[in-house]
Amino acid sequence: MHDSHTDDAIVVYSLLVEVQELSRLLVLAEHERITDAAAALQMSQPTLSRLLARAEHELGIRLFERDAAGVRPNPYGEVVLAAARDITRRYDQLRGDLATLLDPETGTVRLAFMNSMATSLVPRILHDFRREAPQVRVALRQEPGHEILPHLASGLSELAIVSPRPTGPHGWLPLQRQRLVLVVPLGHRLAGRRRARLDELADEDFLTVPTGFGFRSLIDDLLAADGVSARVSFEIGDLATIEGLVGAGLGVAILPERFAGTVGTVGIALAADHAERLVGLAWRTDRPLPPAAARLLEFLSRAGPFD
């Protein structure tokens, strides 16, 4: 039976000693003789004796009873040894789990990607990568582009499919160039046109993503380059939803070409320079990539671009 003082002491001791020292106490308890335990541990008897003395000093409790037959744990020692078994078991499990995660053949890659890539580029990449590395697990995070870089910085993600190219300590691998088109509803006055100018949008209700999204910055810069000020009527963070709202006759939008024509809309080429979105893979350059993530990066550098 033990009291709260013993529990507190165990916590303190576990913070002050190495896991290896706990393992050595377990060996000592198993052999019940310092001579035999030291031989098994391939260390000197005085060193092992000092380890035991340190443990008892840190805890303020005698753990092993000594007599001519050897050393045996007393009730306090049994409590400490039980904790030592649990701690060393968890540590061994931790090392095993990390080894699995860091194995380029069976490890895990934490990949973040923009919502707009969920049904196009990401499935294609995962399909191709699985054929090359079937045992590697890819943990996916689908989120708005403006949330991806903070998660990349915090380590929550290791690789990220984003647009535009981020500044700061980020590596960059271009993956796909997406042509931007004007998306209008069927029957719209521009629906039969092969090409439209940006200044023709001045009197239109315009649908786009909220300020702060990378795609919004891209659209704002595109319009500003032609001196156009759009009248934004709806903002929402999902490009597929924007196409649906356009199809319902609520306005027009500029979207990647693949979003046009799905729900009662028509895509019209834009008479504007740089009417495209470059999507790429980003990662932090101020820290090394884990092996599995580095393997996905190497694969994509060979397999891309995905235009």
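Just above, that's the structure.
Q: Please provide a residue-by-residue account of unusual backbone geometry, values included.
A: Cis peptide bonds are those with omega within 30 degrees of zero, and the linkage from S163 to P164 qualifies with 0°. Of note, P164 is situated in the loop between β5 (159-162) and β6 (170-185). Cis geometry marks the peptide bond from G304 to P305, where omega comes out at -5°. Within the element layout of this structure, P305 appears in the segment after α10 (291-303). Of note in this structure, E32 is not a glycine but carries a positive phi near 60°. When you line up the elements, E32 lands in the loop between α2 (19-31) and α3 (34-41). E32 gets classed as partly exposed once you look at its relative accessible area, which sits at 37%. You will see that H274, though not glycine, has its phi angle at about 60°, which is positive.

Q: Could you give me a rundown of the environment of P169, with the residues and numbers involved?
A: Note on placement: P169 falls in the loop between β5 and β6. Remark: the alpha-carbon pair of P169 and G267, spanning 98 residues in sequence, is separated by 37 Å.

Q: How would you sum up the environment of T211? Please name residues and give values.
A: Mapped onto the elements of the fold, T211 is located in the loop between β8 (205-208) and α8 (214-225). With relative accessibility at 63%, the residue T211 sits in the exposed group. With 26 residues separating them along the chain, T211 and G237 place their C-alpha atoms 9.6 Å apart. Contacts of T211, omitting those with residues within four sequence positions, involve R216 and E235.

Q: So what about α2? Which residues, and what values?
A: Over its 13 residues, α2 extends 19 Å from the first C-alpha to the last, a length consistent with the 18 Å expected when each residue adds 1.5 Å. Taken together, the buried positions of α2 are E21, L22, L25, L26, V27, L28 and A29. Looking at the residues trailing α2, positive phi occurs at E32, about 60°.

Q: For a nonpolar patch on the surface, give the residues involved together with the corresponding values.
A: Judged by side-chain polarity, Y91, L94, L98 and L102 come together as a nonpolar surface patch covering roughly 340 Å² of accessible area. In this fold, Y91 is placed in helix α5 (residues 75-102). Note on Y91: relative accessible area 33%, which makes it partly exposed.

Cut-offs applied
Residues numbered from 1 in each chain as written. Predicted model: local features only at pLDDT ≥ 70, side-chain atom pairs only at ≥ 80, totals over all residues. Heavy atoms only, no water. Helix = DSSP H or I, 4+ residues; strand = E, 2+ residues; numbered from the N terminus. Buried < 20%, exposed > 50% of the residue type's maximum accessible area, 1.4 Å probe, protein only. Contact = heavy atoms within 4.5 Å. Expected span 1.5 Å × (residues − 1). Patch = residues over 30% accessible without salt bridge, like charges linked within 9 Å, V, L, I, M, F, W, Y side chains within 5 Å. Areas by Shrake-Rupley, 256 points an atom, 1.4 Å probe, with all protein chains shown as cover. Salt bridge = Lys/Arg side-chain N within 4 Å of Asp/Glu carboxyl O.

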